[in-house]
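Take a look at the letters that make up each chain.
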Amino acid sequence: MIVITNNEGKAGIPVTARLLEAGKPGLEAVEAGVRMVESDPEVRTVGHGGWPNLLGEVELDASIMCGSTLRTGAVGALKGYLHPISIAREVMERLPHEIIVGEGAARFAHEVGAEAGDLLADHSRQAWNNWYASEVNQADQDIWPNAALIDYCHNAVDPEIGKDTTVFLAQDEHMDITAGTSTSGWGWKYPGRLGDSPIIGAGSYADSRYGACACTGAGEMTIRAGTARAVVLYMKMGMSVQDAVEEAVNDMRALKGGLISRVTIHAIDNAGNHRVVAVNGIPGNFYWYWKSGMEQPEARFAELIQITEDQPQNKPIAMSVYTQGT
Ligand code: ASP
C-alpha cells in the first residue's frame, strides 16, 4: 500500500494511510483524506478559504478516479459547497456521467444533500477587495460586475507560489489504485475557468494495471500536454515510472505560447515505485509519502526540472501585493 500527496496533503495523508491500513478501499481512503484538506483553514487553495475568481467568488474543481473500473467523477466551477471531492464521488456513483460543472454541479450537490457553506474566508475577501480597489478602473467599478474581464485576467496568477491544489494517489491492499484532486484553482481566474484538476487525463489519471499520476500547478499546461494520461500510457507501453514522468516532461517542452509556469507531476506505478518532479519548480518544493510499514507519512523533496530559460516562477508575482498580511 502506498499514498502520495502533494505539499498541501499534510492534513489528509495520515487519515488516508490509517484507513488503508484498516483495510478500507482506496476510494474511501482518498475521499476522506482530501476532505481533511478541504476543511483545513491553513490551506488557501482548496475548499473553504480558497482564492476567489475575478468576481470575488470561490469556484471549486475536484475529481476522483477508480483505477480498477476506470470510472471517474468530477465537478468544475462549483460554488457554495464545502466538499467537492465527495460530490465528485457521488457523480461517479450515481450518474451515468463523468463530469458536471457550474449550476448543474450545484444542483446535483443539493440533490445529494452535500454540505453547503460560504467558501470565501476573510483573508481572501480582504485580498480581493485590495485588488479591486487598486486595479479596477473607475469606469469598470461603475458597471461592476458587468465590466469586461479579459484584461483583468492577466492578474490570474498563483498568489502562493509552491502551494496548490491537493492531489492524492493511493494503492490499497487489493492493489486498486485511486486518484483524487481538489482545488479552488488559480486565484483571480476568469469565471468559469476549469483547471486540470477536474479534467481526467490532464490533472489526474489512474489505472490499477499500471499506475497513476496527478498534477498541480499550471493546469493549462497539463491540459495541453494530456500529462496524467500520458504518464500512465507510457507505463503501459513499458516505461518505468521514472522514464514515463521524464517523457511527460519532454512533452511539455513542446508547449509554445499560452501560460507557461510551474507544474508538479506526481506518479506511482503498480509495484510501489513513485516519482515526483517539479517542472520549473522552486527549491523546497515537497510532497508527502507513506508506504505500508511506515509509522507516519514523511515529507520528501520533489526533483526540480527546468524547461524554460527565464524561470517564470521566479518573476515577481503581481498578486502578492494584495495578499500580504491576509
Ligand atoms: N492545477 C490547478 C489549476 O490549474 C492549480 C494548482 O494546482 O495550483 O487549477
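As a reminder, the structure under discussion sits directly above these lines.
This structure is a prediction, so every number in the text was calculated from the model and none was measured.

Caption draft 1: Region of the structure containing the packing of helix H8 (residues 227-236) against helix H9 (residues 241-252). Between H8 and H9, the shortest axis-to-axis distance is 8 Å and the interhelical angle comes to 140°. Relative to H9, the element H8 lies oblique. In terms of crossing hand, the pair formed by H8 and H9 is right-handed. Residue-level contacts link Thr227, Ala230, Val231, Tyr234 and Met235 of H8 to Val241, Ala244, Val245, Glu247, Ala248, Asp251 and Met252 of H9. Residues belonging to the contact of H8 with H9 are distributed by class as follows: 9 nonpolar, 1 polar and 2 charged.

Caption draft 2: Just unusual backbone geometry, in detail. Geometrically, the link from Trp144 to Pro145 is a cis peptide bond, its omega value of 10° lying close to zero. For Ala77, which is not glycine, the phi dihedral falls at a positive 50°. Inspection of the secondary structure puts Ala77 in strand E3 (residues 71-78). According to the relative accessible area criterion, Ala77 is buried, its value standing at 8%. Phi at Asn280 is positive, roughly 60°, even though this residue is not glycine. Within the secondary structure, Asn280 sits in the loop between strand E10 (274-279) and strand E11 (286-291).

Caption draft 3: Representation of the packing of helix H1 (residues 13-21) against helix H2 (residues 26-39) within the structure. Contact geometry of H1 with H2 gives a least axis separation of 7 Å together with a crossing angle of 160°. What the angle tells us is that H1 and H2 run roughly antiparallel. As for how H1 packs across H2, the hand of that crossing is right-handed. Where H1 approaches H2, its residues Val15, Thr16, Leu19 and Leu20 are matched on the opposing element by Gly26, Glu28, Ala29, Val30, Ala32, Gly33 and Met36. For the contact of H1 with H2, the residue count by class is 7 nonpolar, 3 polar and 1 charged.

Caption draft 4: The sheet that holds strand E9 (residues 263-269), seen in detail. One open sheet holds the 5 strands; their spatial order is E7-E8-E9-E10-E13, and the pairing between them is mixed. Edge positions in the open sheet fall to strand E7 (204-207) and strand E13 (303-305), since each of these has one partner strand only. Across the sheet, the mean angle separating the axes of adjacent strands is 20° when strand polarity is ignored. The sheet strands contacting H9 are E9, E10 and E13, and the helix crosses E10 at an angle near 20°.

Caption draft 5: Representation of the pattern of salt bridges in the model. The full count for this structure, using the stated rule, is 13 salt bridges. A single network of salt bridges, built from pairs that share partners, joins Glu31, Arg89 and Glu93.

Caption draft 6: A look at the sheet that holds E3. On the basis of which strands lie adjacent, the open sheet formed by 8 strands has the order E4-E3-E2-E6-E5-E1-E11-E12 and mixed pairing. Two strands lie at the open edges of the sheet, namely strand E4 (99-101) and strand E12 (298-301), each paired on one side alone. Geometrically, the sheet is characterised by an average inter-axis angle of 15° between neighbouring strands, direction not taken into account. Relative to strand E5 (residues 166-171), strand E1 (residues 2-6) runs antiparallel, the two sharing 4 bridges. The partner of Thr5 across the bridge, within E5, is Phe168. Helix-sheet contacts for helix H4 (residues 102-111) involve E3 and E4, and the interaxial angle to E4 is about 105°.

Cut-offs and rules
- Residues numbered from 1 in each chain as written.
- Predicted model: local features only at pLDDT ≥ 70, side-chain atom pairs only at ≥ 80, totals over all residues.
- Heavy atoms only, no water.
- Axes fitted to C-alpha atoms, helices over the stretch in contact; angles between N-to-C directions.
- Helix = DSSP H or I, 4+ residues; strand = E, 2+ residues; numbered from the N terminus.
- Parallel < 35°, antiparallel > 145°, perpendicular 65-115°, else oblique.
- Left-handed = near helix turned anticlockwise from the far one by under 90°.
- Contact = heavy atoms within 4.5 Å.
- Nonpolar A, V, L, I, M, F, W, Y, C, P; charged D, E, K, R; others polar.
- Buried < 20%, exposed > 50% of the residue type's maximum accessible area, 1.4 Å probe, protein only.
- Pairing = 2+ DSSP bridges.
- Salt bridge = Lys/Arg side-chain N within 4 Å of Asp/Glu carboxyl O.

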